[in-house]
Amino acid sequence: RSHSQNRYNTSIPPPLPLSLSPHTHPHTEMPIETKEVTLRIGTSLISGEFARRALELEVGTRSVYEIGLEGAQAWGALLSRAKIIEVGGGRSEGPILKEAEAMRYEAQKNQNDLQSQPMTKELKDPAEGSHAAGNPGALARAVAANRSAELLASADLLLKSLNADEDAREALKTAWYTAAYRAYLFPRFLDELDENRKYVHWSPYTLEPQAAGRLVADQGFWDSHRTLYPWLGLIQPKTVGAMLEGWLVAASENNGWVPQWASPGVRSCGVLHKVTMSDVTLADAVVKRTGGFNETAAMLAMFKSVDDDGGVTEFQGRTQYLALMQKYGYIPADAVKPPEPSHRGGVPLLNASGLKGQPRVQKRLKKLQWVRETHLESVSMSLNLNYADWAVAQAARALCKRGIATELSCTGNGRYPSLANELERRANQHSLLFHHADGHPANKSFQRRNADRAWKTQPLNYWGHGFTEAGPYQYRYYLPFNVTGLNQLYGGRLCEQMEKDLKDPFDADANNYWGGIIHEVKEAAMVGEQGFGQLAHSNQPSHFWLHMMRVASPKTTPECTQRAKGWIRSALTRLYTPWGYAGDEDNGEMAAWYLLSASGLYPLTLGSDQFVLGAPLFKHLEVTVGEPPRKLSITTRRRAVFGEGGVDALWRSSSRPGRAVSLTGTVAQSMLVQGGELTFLEDADYDPVPEVRKVLADLRGGRQVLRDRAAVRKRVVQRAEMAAKAKRASNQPLVRSAQFQMVKNKMAARDAMWVRNSAPNQRTLGGPRLASVRPT
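Residues numbered from 1 in each chain as written. Predicted model: local features only at pLDDT ≥ 70, side-chain atom pairs only at ≥ 80, totals over all residues. Heavy atoms only, no water.

### Focus: the state of the cysteines
Scanning the entire structure with this criterion turns up two disulfides. Between Cys400 and Cys410 runs a disulfide, and the two sulfur atoms are separated by 2.0 Å. For the disulfide bridge between Cys400 and Cys410, the dihedral angle about the S-S bond is near -85 degrees, and by the sign convention the bridge is left-handed. Placement of Cys400 in helix α15 (residues 378-402) and of Cys410 in helix α16 (residues 407-410) is noted, with a sequence separation of ten residues between them. (Disulfide = S-S within 2.5 Å. Helix = DSSP H or I, 4+ residues; strand = E, 2+ residues; numbered from the N terminus.)

In structure tokens:
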């Protein structure tokens, strides 16, 4: 800093040459009259020389303004790959402006007529007559004045409504382009350019300072596989190919395992790193012909994942779960849980005993010591591994069909066909975990089982135990690769049952699992308050729900599949606003969900070439797709009275624009990347503006509503904490009964207070319906 800014009058060291060595502390000084300083920084994970080269290549002598302009141009090019041409909806501006102008003209005319009237005795002295008969002139003047005021007020309301419509349109655009921006943030490339302008990288796996090739990091496949890669693969397949090649480079340095949560190296992240959802991403890219990566190397990585348990020491792949799945067809709830790894982020930390000695970990273990289950989240893990097995099988068949795999591997009992058959058999064992209960669809769900096939069920609203970051409600439809089979399990009424769950008030009991309430439960409760019941759209496991409804049971419940469009659009307008999202925006997954859903497309079944035809939010979108880039126009219009019944959309390829192909249910990506026009057919014109206007009014002006929601959320947390405390106390034999009774009394008193001060028609987590009274 300059001397004039040195508040404490400390001495400033003499100027020294700046050093790039990490072991020195470079500094310099400037003249007192200095008003502005430009600092240019080069960084590298490899060496100071690489940092200097990065500074020269990326910054050089350019100004902050020049670099900012280049960045704006780069972002503009990216964001314009999927842009809104017309929002649609709202009222037409022209007629309303004409009507408002006519009202103002009439009001001004009335005022001019009054001013031009002669001042008669009645008008000069209106006090002489106090009623109409006594003073008709004054009455006429007052009526005309009131009429003018009413006209002016009506004109102002019309103009305000136009402003509100414009605000709603701007909010929709903000939500769209914010999502587009966020979808480009992850994963990240960690590569650098050497003196020959070739990509190299520092390896967090081998610690080699200058390994060859591009490397990708900072992403978890458990979250991002659902929407992010399908969206980017549609609009930027070349970039996605480079990303997947970067993940394969990581696998080659990680003993053949694709890291499931790299930050920047292998990270232990509970159940999220044990289910190999990278298999689904790689398989989907193979089936969709994304290109840009070594498909044979990808298949080898997937084969290693599905056919090698990784052992106990590596903590890679599926660890010991592969053997359990092969033996039982699922992961038993009472199976011995493998030990946790003792390293995070690719950097070795403490051994297991040292890790347990840390205060934070000690506190966590103490918090969970009352959980009476050997193997946690076994149902979620089993269903995810079923999904991964099925997707890898489809990729193997696709490579054989295209002739990429060797002839020996694809014929007869070759490796590809035999492994594909085995993986499909394993995937279809999901029925072993489907509990029919009393046979009524409302009580059916996936549940835990022990090794002896005995059921270990839990209530539908119980979070945790056999499920990851959710409960049986959220996982009861977790079979996106076999919707037909799931519909049969629900008696052909799958869509109707899903809609019932959307209307059922959210009511979760999460107190008996994590030792406290986690943020996923809080956010799911807030989504439930928005009218989405058990959906829990705030987290990834149930993101497929609304689009599964579109294809769940179209023959038996066609009305329900059409109503699913309304649910999708309500989620788009009410759960995604300029102020934020409904919950976990992990690595761009929720942003990509919004982009796909607002485009009317959703990749329900990864490992196939199909997108479900949903419900576009905008009247006209233009998306750049495929490689080489082509234009895809997405529009909506009303369905014709004759000839278009039962058709969801029409497709016109850019190569054959005169021929329209009728689409029902799904559309293939291989068609979309050709470029052309996709026209969605609607029974009635959809207008998103009124719904968004309500949301904006709620967020901007409805402060009481926001305060009520905050109060409900606070009560949810308080009740969960009290219940968890009581649960722990009841499981501790050394706790005196008087202390336990005191906790119960406090909970009863707290419940009574909640009933008196609750928001209308709300439910606590696991508690009774609250009284319908206004909050004090």
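### Thoughts on the sheet that holds strand β5 (residues 211-212)
In space, the three strands of this open sheet follow the order β3-β4-β5, with antiparallel pairing throughout. Across the chains shown, the open sheet's two edge strands, defined by having one partner strand only, are β3 (191-193) and β5. In this structure, β3 lies alongside strand β4 (residues 199-201), joined through three bridges in antiparallel fashion. Its bridge partner lying in β4, Asp191 is registered against His201. (Pairing = 2+ DSSP bridges.)

### Points about the pairing of strand β24 (residues 676-682)
Of all seven residues in β24, six are buried, a share of seventy percent or more. One ladder, built from seven bridges, connects strand β20 (residues 630-638) with β24; its direction is parallel. Of the residues in β24, the one forming a bridge with Thr635 is Thr679. The pairing of strand β21 (residues 649-653) with β24 spans five bridges and is classified as antiparallel. Within β24, the position partnered with Leu650 by the bridge is Thr679. (Buried < 20%, exposed > 50% of the residue type's maximum accessible area, 1.4 Å probe, protein only.)

### Here's the deal with the nonpolar core
Among the nonpolar cores identified, the biggest contains 144 residues, and Trp176, Trp231, Tyr594, Phe618 and Leu678 are the most heavily contacted of them. Looking at this core, the element that brings in the most residues is α15, giving 13 residues. When sequence neighbours within four positions are dropped, the list of residues in contact with Phe618 reads Ile84, Glu86, Val87, Leu172, Trp176, Tyr594, Ala598 and Thr636. Grouped together as the second largest cluster of nonpolar side chains are nine residues, Ala508, Ile517, Ala525 and Ala536 included. (Core = buried A, V, L, I, M, F, W, Y, C linked by side-chain atoms within 4.5 Å. Contact = heavy atoms within 4.5 Å.)

### Points about the packing of aromatic side chains
Given two aromatic rings, one states the distance between the centres and the angle between the planes to describe the pair. The tally for this structure, following the rule as stated, stands at 22 aromatic pairs. Judged by centre distance (5.6 Å) and plane angle (35 degrees), the rings of Phe467 and Tyr475 are tilted. Grouping aromatic residues by their ring pairs yields a cluster made of Phe434, Phe446, Tyr477, Tyr490 and Trp545. One residue, Arg449, lies across the ring of Trp455, its end atom 4.1 Å from the ring centre. (Phe/Tyr/Trp six-rings, centres within 6.5 Å; stacked < 30°, edge-to-face > 60°. Lys NZ or Arg CZ within 6 Å of the ring centre and 35° of its normal.)

### A word on the packing of helix α20 (residues 494-503) against helix α23 (residues 558-574)
Close contact between α20 and α23 brings their axes to 10 Å; oriented N to C, the two are set at 35 degrees. Crossing hand, α20 versus α23: left-handed. Residues Cys495, Glu496, Glu499, Leu502 and Lys503 of α20 lie in contact with α23, whose contacting residues are Cys560, Thr561, Arg563 and Trp567. A per-class count over the contact of α20 with α23 returns four nonpolar, one polar and four charged. (Axes fitted to C-alpha atoms, helices over the stretch in contact; angles between N-to-C directions. Left-handed = near helix turned anticlockwise from the far one by under 90°. Nonpolar A, V, L, I, M, F, W, Y, C, P; charged D, E, K, R; others polar.)

### So, the packing of helix α9 (residues 278-287) against helix α10 (residues 295-307)
Packed helices, taken two at a time, are described by the angle between their axes plus the distance between the axes. Two numbers describe how α9 lies on α10: the axes approach to 10 Å, and their chain directions differ by 145 degrees. Crossing of α9 over α10 shows left-handed handedness. On α10, the residues touching Asp279, Leu282, Ala283 and Val286 of α9 are Glu295, Ala298, Met302, Ser305 and Val306. Broken down by class, the residue content of the contact of α9 with α10 amounts to six nonpolar, one polar and two charged.

### Comments concerning the environment of Leu45
Topologically, Leu45 is positioned in the segment before α1 (48-58). Given a relative accessible area of 46%, Leu45 falls into the partly exposed group. A sequence separation of 158 residues divides Leu45 from Ser203, and the C-alpha atoms of the two residues are 9.3 Å apart.

### Notes on the sheet that holds strand β19 (residues 620-625)
Spatially, the six strands line up as an open sheet ordered β1-β19-β20-β24-β21-β22, and their pairing is mixed. In the strand order of this sheet, the two ends are held by β1 (82-86) and β22 (656-663), each with one partner. Mean inter-strand twist for the sheet, computed between neighbouring axes without regard to direction, equals 20 degrees. The pairing of β21 with β22 spans four bridges and is antiparallel. Bridge pairing in β22 links Trp651 to Val661. Against the sheet, helix α7 (residues 228-235) contacts β1 and β19, and its axis sits at roughly 80 degrees relative to β19.

### What to know about the pattern of salt bridges
Per the counting criterion, the structure on display carries 25 salt bridges. With its nearest N and O atoms 3.7 Å apart, the salt bridge here joins Glu682 to Lys565. Taken together, the residues Glu682 in strand β24 and Lys565 in helix α23 connect sequence positions 117 residues apart. Among the charged side chains, a salt-bridge network with shared partners connects Lys83, Glu622 and Lys631. (Salt bridge = Lys/Arg side-chain N within 4 Å of Asp/Glu carboxyl O.)

### Overview of helix α17 (residues 415-427)
Two residues of an α-helix separated by three or four positions point the same way, owing to the 3.6 residues in each turn. Over its 13 residues, α17 extends 18 Å from the first C-alpha to the last, a length consistent with the 18 Å expected when each residue adds 1.5 Å. Burial in α17 covers these residues: Tyr416, Pro417, Leu419, Ala420, Leu423, Arg426 and Ala427. (Expected span 1.5 Å × (residues − 1).)

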